[in-house]
Amino acid sequence: MHFTTTLLATLAPLALAGNAIVQNACTDPVYLWSVGASVGERQTVEPGANYTETTHYDDVSGGIALKITRTENGLYDGSPQTNFQYALTDHLYYDLFDVYGDPFSGSTLVVHPSLDTCTNICWGGGVRALVTSQTEACSTDADITLTLCAESC
Ligand SMILES: *[C@@H]1O[C@H](CO)[C@@H](O)[C@H](O)[C@H]1NC(C)=O
């Protein structure tokens, strides 16, 4: 039994990880929670600053959602929320979607992977243009950067 546990621990995902970055190019602070099986502490991202975490796999939820609002208690008061979601498995999968409204409507949101072979996600007007979800995939060691209030796509 003990052997089995040790063996499983040794076989835990060895994939190389990159960073998930949220870059705040807006003129006001944004508020971010990293949510997997549990909800992380609120992070305040000042204008011109970044939030960065190492991409990781969550045993329970699988994926991680970086939930972003423009109000301080936004996660808990039903404010419009942008979700920058990723799952680190055989690939790094990433997606962008809003719930309860579009907090960045009227500005540009861009998800830019560090590898040129992977696909950007760009919301020119701060809202999703496609009806269907646009989940993209990149290699596990890529960095993915979401820029809020980007200059252009
Ligand atoms: C934020 O991240 C972007 C993209 O990775 C990088 O180019 C920029 O220098 C970072 N800015 C700060 C303030 O660390």
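Residues numbered from 1 in each chain as written. Predicted model: local features only at pLDDT ≥ 70, side-chain atom pairs only at ≥ 80, totals over all residues. Heavy atoms only, no water.

**Here's the deal with the state of the cysteines**
To be explicit about the condition: Defined by distance alone, a disulfide is two cysteine sulfur atoms within 2.5 Å. Every helix listed is a DSSP run of H or I at least four residues long, and every strand listed is a run of E at least two residues long, numbered separately from the N terminus. For every residue, the accessible area (1.4 Å probe, protein chains only) is compared with the maximum for its type, and the residue is labelled buried under 20%, exposed over 50%, or partly exposed between those bounds.
The tally for this structure, following the rule as stated, stands at three disulfides. The disulfide partner of Cys26 is Cys149, and the gap between their sulfur atoms is 2.0 Å. Taking the sign of the torsion about the S-S bond as the criterion, the disulfide between Cys26 and Cys149, at about 85°, is right-handed. Of this pair, Cys26 sits in the loop between strand 1 (19-24) and strand 2 (30-35) while Cys149 sits in strand 11 (residues 144-150), and the two are 123 residues apart along the sequence. Relative accessible area serves as the criterion here: at 18%, Cys149 is assigned to the buried category. Cys118 shares a disulfide with Cys138; S-S distance 2.0 Å.

**Observations regarding the confidence of the model for the protein**
Note the cut-off: Confidence of the predictor at the level of single residues is given by pLDDT, which spans 0 to 100. Two residues form a contact once any of their heavy atoms are found within 4.5 Å.
When pLDDT is averaged across the protein, the result is 90; 88% of the residues are at 70 or more. Confidence over residues 1-12 falls short of pLDDT 50; this stretch has zero contacts with residues more than four positions distant or in other chains.

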